[in-house]
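# Descriptive structure summary
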Amino acid sequence: QQQVKQSPQSLIVQKGGISIINCAYENTAFDYFPWYQQFPGKGPALLIAIRPDVSEKKEGRFTISFNKSAKQFSLHIMDSQPGDSATYFCAASSYRDDKIIFGKGTRLHILP
Amino acid sequence: KAGVTQTPRYLIKTRGQQVTLSCSPISGHRSVSWYQQTPGQGLQFLFEYFSETQRNKGNFPGRFSGRQFSNSRSEMNVSTLELGDSALYLCASSWGGRNREAFFGQGTRLTVV
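Please read these numbers as outputs of a predicted model, since none were measured by experiment. (Residues numbered from 1 in each chain as written. Chains lettered and ligands numbered in written order. Predicted model: local features only at pLDDT ≥ 70, side-chain atom pairs only at ≥ 80, totals over all residues. Heavy atoms only, no water.)

### Some remarks on the sheet that holds strand 7 (residues 62-67) of chain A
All names here are of chain A.
- Ordered by their spatial adjacency, five strands build an open sheet running 1-3-8-7-6, and the pairing between neighbours is antiparallel. Of all the strands in the sheet, just strand 1 (4-7) and strand 6 (56-59) have a single pairing partner and so form its edges. Recorded for the sheet is a direction-independent mean angle of 15° between the axes of neighbouring strands.
- Across four bridges, strand 6 lies against strand 7 in antiparallel orientation. Across the sheet, residue Lys57 finds its bridge partner in strand 7, namely Ile64. (Pairing = 2+ DSSP bridges. Helix = DSSP H or I, 4+ residues; strand = E, 2+ residues; numbered from the N terminus. Axes fitted to C-alpha atoms, helices over the stretch in contact; angles between N-to-C directions.)

Shown next as structure tokens:
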């Protein structure tokens, strides 16, 4: 049972464009939603995270939008740069057990 | 501040052997989680330890086990290795409790031949 569904699997964006990755969840006990960025040969790095009491969180060029009623959240990367090319994972965690459940990942490629 | 350290970085083992992987969390972090990452299955949760106790366990066979020491360092053991166990094994540490920011190590690349 995939508790966090992520789309698209891969994404190609022109430099300077907006990259958008979407995730949906089912478990209403989830109350912490982090995004991770992973470069080849490295472990995932925490990028930005949100809790369901806010609808949007922005850190630099990265913004999370959260829709609690639809049980969906998304990552927007503004002014995308070639250095943003990586695999991005959305994730969710429940207050009940702290276990982090990951989406399948999106491989992002920014064209120079 | 030192990050999460995993050793070794690379391992090659033969089917049927056993292997032990090590993880040193960020200083002060009491929660350590282990994940298996493969191209087909993505990041799958193995187990989580907090203050030397296993709090959560994923859907992996009993060949996968772990433990945590009093200094929060953790080890993961896989016995009777199978070809399908070839993967990147990642460790993540966090404070635990309400602060769930988890930080990953670089992983141990295990190849079973």
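### Focus on the sheet that holds strand 8 (residues 74-78) of chain B
All names here are of chain B.
- Strand order in the open sheet formed by four strands is 1-3-8-7, and the pairing between neighbours is antiparallel. Either end of the sheet is taken by a strand with one partner, and the two such strands are strand 1 (5-7) and strand 7 (64-68). Looking at each pair of strands side by side, their axes are set apart by 20° on average, direction ignored.
- Direction of pairing for strand 3 (residues 19-24) relative to strand 8: antiparallel, over a ladder of five bridges. Among the inter-strand pairings, Cys23 is bridged to a residue of strand 8, identified as Ser74.

### Focus: empty space enclosed by the protein
- Applying the stated criterion across every chain, the model contains one cavity of 30 Å³ or more.
- For the largest cavity, the calculated volume is near 100 Å³.
- As for the largest cavity, its lining consists of 13 residues, of which A:Asp98, A:Ile100, B:Ser31, B:Ser33 and B:Ser94 are closest to the centre.
- Those elements giving two or more residues to the lining of the largest cavity turn out to be strand 4 (31-38) and strand 9 (87-94) of chain B.
- Counted by class, the lining of the largest cavity contains four nonpolar, five polar and four charged residues. (1 Å grid on protein atoms, 1.4 Å probe; cavity = no way out; pocket = protein on both sides within 12 Å on 5 of 7 lines; lining within 4 Å. Points joined across faces, edges and corners; volume = space filled by probe spheres on them. Nonpolar A, V, L, I, M, F, W, Y, C, P; charged D, E, K, R; others polar.)

### Let's talk about the environment of B:Pro39
Residues and elements named next belong to chain B.
- Mapped onto the elements, Pro39 comes out in the loop between strand 4 and strand 5 (42-50).
- Its relative accessible area of 87% is what places Pro39 among the exposed residues.
- Once the C-alpha coordinates of Pro39 and Ala92 are considered, the two residues, 53 residues apart in sequence, prove to be 19 Å apart. (Buried < 20%, exposed > 50% of the residue type's maximum accessible area, 1.4 Å probe, protein only.)

### Considering a nonpolar patch on the surface
- A cluster of nonpolar residues, A:Ile18, A:Ile20 and A:Met78, forms a patch on the protein surface that exposes about 240 Å² of accessible area.
- Relative to the elements of secondary structure, A:Ile18 occurs in the loop between strand 2 (10-14) and strand 3 (19-25). (Patch = residues over 30% accessible without salt bridge, like charges linked within 9 Å, V, L, I, M, F, W, Y side chains within 5 Å. Areas by Shrake-Rupley, 256 points an atom, 1.4 Å probe, with all protein chains shown as cover. Salt bridge = Lys/Arg side-chain N within 4 Å of Asp/Glu carboxyl O.)

### So, the pattern of salt bridges
- Tallied over the entire structure, the rule returns eight salt bridges over all chains.
- When the shortest N-O distance is used, the salt bridge between B:Glu75 and B:Arg67 registers 3.2 Å.

### Focus: the interface of chain A and chain B
- Across the boundary between the two partners, chain A contributes 20 residues, which contact 22 residues of chain B.
- Summed over both sides, the interface between chain A and chain B buries roughly 1700 Å², with carbon and sulfur atoms accounting for 48% of that surface.
- Sorting the residues of chain A by area buried against chain B places A:Asp98, A:Lys99 and A:Phe102 first, and these three jointly supply 27% of that buried surface.
- Ionic pairing is found between B:Arg100 and A:Asp31, a salt bridge with its closest N-O pair at 2.8 Å.
- Summed over the shared surface of chain A and chain B, the number is eight residue pairs in polar contact (both at pLDDT 80 or more).
- Secondary structure elements with two or more residues in the side of chain A that touches chain B: strand 4 (30-38), strand 9 (86-94) and strand 10 (100-102) of chain A.
- Considering every element that reaches the side of chain A that touches chain B, the biggest residue donor is strand 4 of chain A, with four residues.
- Of the residues in the side of chain A that touches chain B, the class split is eight nonpolar, five polar and seven charged. (Contact = heavy atoms within 4.5 Å. Buried area = accessible area lost by both parts, 1.4 Å probe. Polar contact = N/O pair within 3.5 Å; in protein donor to acceptor, adjacent residues only side chain to side chain.)

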